[in-house]
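Chain residues, written in single-letter form:
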Amino acid sequence: MGLAEPAESTEHTEVVAMPSRNPSPTPAHAPPHAATQAPAPAPAPAPRTYSRRASLIVLCAGTLMTILDGNVVTVAMPAIQSDLGFSGPGLAWVVNAYLIPFGGLLLLAGRLGDLVGRRRMFTTGLAVFTAASVLCGVATGPGTLVAARALQGVGGAMTSAVVLGMLVALFPEPRAQARAIAVFSAVGAAGGALGTFLGGALTQAAGWHWIFLVNLPIGVAAWAAAVRILAPEKGAGLGRGADWPGAALVTAALMLTVYTIVGAGDRSPGGTLALAGLAVALHAGFLVRLTRAARPLLRLRLFRSRLLSGANAVQVLMIAGMYGFQYVGALYLQRVLGYDALLTGTAFLPAPIAIGALMLGLSARTIARFGPYRVLLLGLSLVTTGMALLSRAPVQGTYAADVLPAMLLLAAGFAAAMPAVTGLAMAGVREEDAGLASGLFNTTQVVGGSLGLAVLTTLAASRTERLTGAGEPFVTATADGYRLAFTVATAFAAAALLLAATALRPGRASSTPSTDARPRP
């Protein structure tokens, strides 16, 4: 669906004064004093225009590349392990090395985008991510690949942290903003599922190296388009909020939080509790810093917004549950139903197709008509129902009867819920804090996904190990472990629904928060 907009608001302009190359000569018959008169002013040059639609495409392209690369590696893991000689526990670091800097740097990157300019942060992140992708593709050992994946996470954080803030600034009108967020959410949601398919296809057709090397032409094209199309902006300046001690504290706290979550299954409970305690201490130190710094990195007034705080909390639970579908679902298809990598990726294709069609065709209109609150509740209800169906997936299951119906319900629910919760999170955010709020929203996505991945896979593995130890056949025990994971994912989705129903209930004055009513600095 196109982004129909009023003609007078479709472009940003930048006027650049240029000297005239051909000043008008003084006529021969002019009086002597005419030669001393200033020449007539040259006509103003035509303004350079920036299409909002083209800008949206560029932002979505950069986001899609980072999202794809976060998921494309999943199906290629066995091939990477075989080729580079990863150990079983060490293989997890192909994913963890990306998630830890990505999740830890989003908040800092979002704030720096407000200070130095969001376009500068976005384009720099694209360059770092593309260069790191090449290093991943040519890696010849585990250490090289893990280090390059960490650098990818840095570039991904820089790129992703500022996108929502740029969208809010590009589309201040509520209806146009709802359409833009729907397109952005569709790209993000569909990209996550599409990555599974592309990972299987590229690995089987050309080898695992190409899941990274394919980013080179895409990244170069996206960077060139961003430099040419995105309107330049001047940030507030590093002197207005560059709280480096606070930045160090929150970055260390978030990285340690993600590290504690994603590695919980590989260490003892005592070690996990110790790391969790240290992460809590770092977060507490950051909060203390916020109350004492003259220009803190994060303004606590952000959390006074019930919509921002509530929407981020809902997103953590919703994303934690959806990761059960994406990761545990892929394992169910491979280890229980016996699908290979390419067939597993193909089986996931209905999800991105449905998400894209529904988000682009219905989400913005539905939100405009019924309000984001009602649409969010409907979406979370569908997600909860779909997870509940997966929680009964049998050993002798079939894709058409036991996976596809639940997948379509999850896709429909996510297509409704994600744009709604995004709009609610960004409603009421000041322009000067848009990058920070965008980074915060992306941070809760990573934390929710990491939490869901760690909890669900750990529970599934523990149940499977216990049942196989009791004599159950491996496939039967594995299926039972996945059913437990899906049951817990259902609980996550139900908790998100309950929290949204209570914390995000609109006031009596209005059922739809207006994004163009943000207080200005």
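You'll find the structure just up there.
Residues numbered from 1 in each chain as written. Predicted model: local features only at pLDDT ≥ 70, side-chain atom pairs only at ≥ 80, totals over all residues. Heavy atoms only, no water.

(A) Quick look at helix α12 (residues 269-292). With 24 residues, α12 ought to run about 34 Å at 1.5 Å a step, and its terminal C-alpha atoms sit 35 Å apart, in line with that. For α12, every residue scored as buried is listed here: Thr272, Ala279, Phe286 and Leu290. (Helix = DSSP H or I, 4+ residues; strand = E, 2+ residues; numbered from the N terminus. Expected span 1.5 Å × (residues − 1). Buried < 20%, exposed > 50% of the residue type's maximum accessible area, 1.4 Å probe, protein only.)

(B) Region of interest: the pattern of salt bridges. Per the stated rule, a full pass over the model turns up 3 salt bridges. Among the ionic pairs, arginine 483 bridges to aspartate 480, the shortest N-O distance being 3.2 Å. With arginine 483 and aspartate 480 both in helix α19 (residues 474-503) and 3 residues apart, this pair spans about one turn of that helix. Look at the salt bridges and you will find they share partners, linking Arg463, Asp480 and Arg483 into a network. (Salt bridge = Lys/Arg side-chain N within 4 Å of Asp/Glu carboxyl O.)

(C) Expanded view of the side chain of threonine 260. Among the secondary structure elements, threonine 260 is positioned in helix α11 (residues 244-262). Assessed through its relative accessible area of 7%, threonine 260 is described here as buried. Here the side chain of threonine 260 touches leucine 256 through a polar contact of 2.7 Å, landing on its backbone oxygen. (Polar contact = N/O pair within 3.5 Å; in protein donor to acceptor, adjacent residues only side chain to side chain.)

(D) Spatial organisation of the nonpolar core. Counting residues in hydrophobic clusters, the biggest one holds 133 residues, and the most contacted among them are Ile80, Phe122, Leu145, Met318, Phe325 and Leu376. Element by element, the count of residues in this core is highest for helix α17 (residues 399-426), at 16 residues. Not counting residues up to four positions away in its chain, the partners in contact with leucine 145 are Ile80, Leu84, Phe86, Val94, Cys136, Ala139, Trp208 and Phe212. (Core = buried A, V, L, I, M, F, W, Y, C linked by side-chain atoms within 4.5 Å. Contact = heavy atoms within 4.5 Å.)

(E) View of the packing of aromatic side chains. For the structure shown, the criterion picks out 2 aromatic pairs. Plain terms: the ring middles of tryptophan 208 and phenylalanine 212 are 6.2 Å apart, the flat faces sit at 85 degrees to each other, and that makes the pair edge-to-face. Exposure class is identical for tryptophan 208 and phenylalanine 212. Each is buried. (Phe/Tyr/Trp six-rings, centres within 6.5 Å; stacked < 30°, edge-to-face > 60°.)

(F) Broad picture of the packing of helix α4 (residues 93-116) against helix α5 (residues 118-137). Contact geometry for α4 and α5: axes closest at 8 Å, N-to-C directions at 150 degrees. Comparing the axis directions of α4 and α5 gives the class roughly antiparallel. Contact residues: Tyr98, Ala109, Leu112, Gly113, Asp114 and Val116 in α4; Arg118, Arg120, Met121 and Phe129 in α5. For the contact of α4 with α5, the per-class residue count stands at 6 nonpolar, 1 polar and 3 charged. (Axes fitted to C-alpha atoms, helices over the stretch in contact; angles between N-to-C directions. Parallel < 35°, antiparallel > 145°, perpendicular 65-115°, else oblique. Nonpolar A, V, L, I, M, F, W, Y, C, P; charged D, E, K, R; others polar.)

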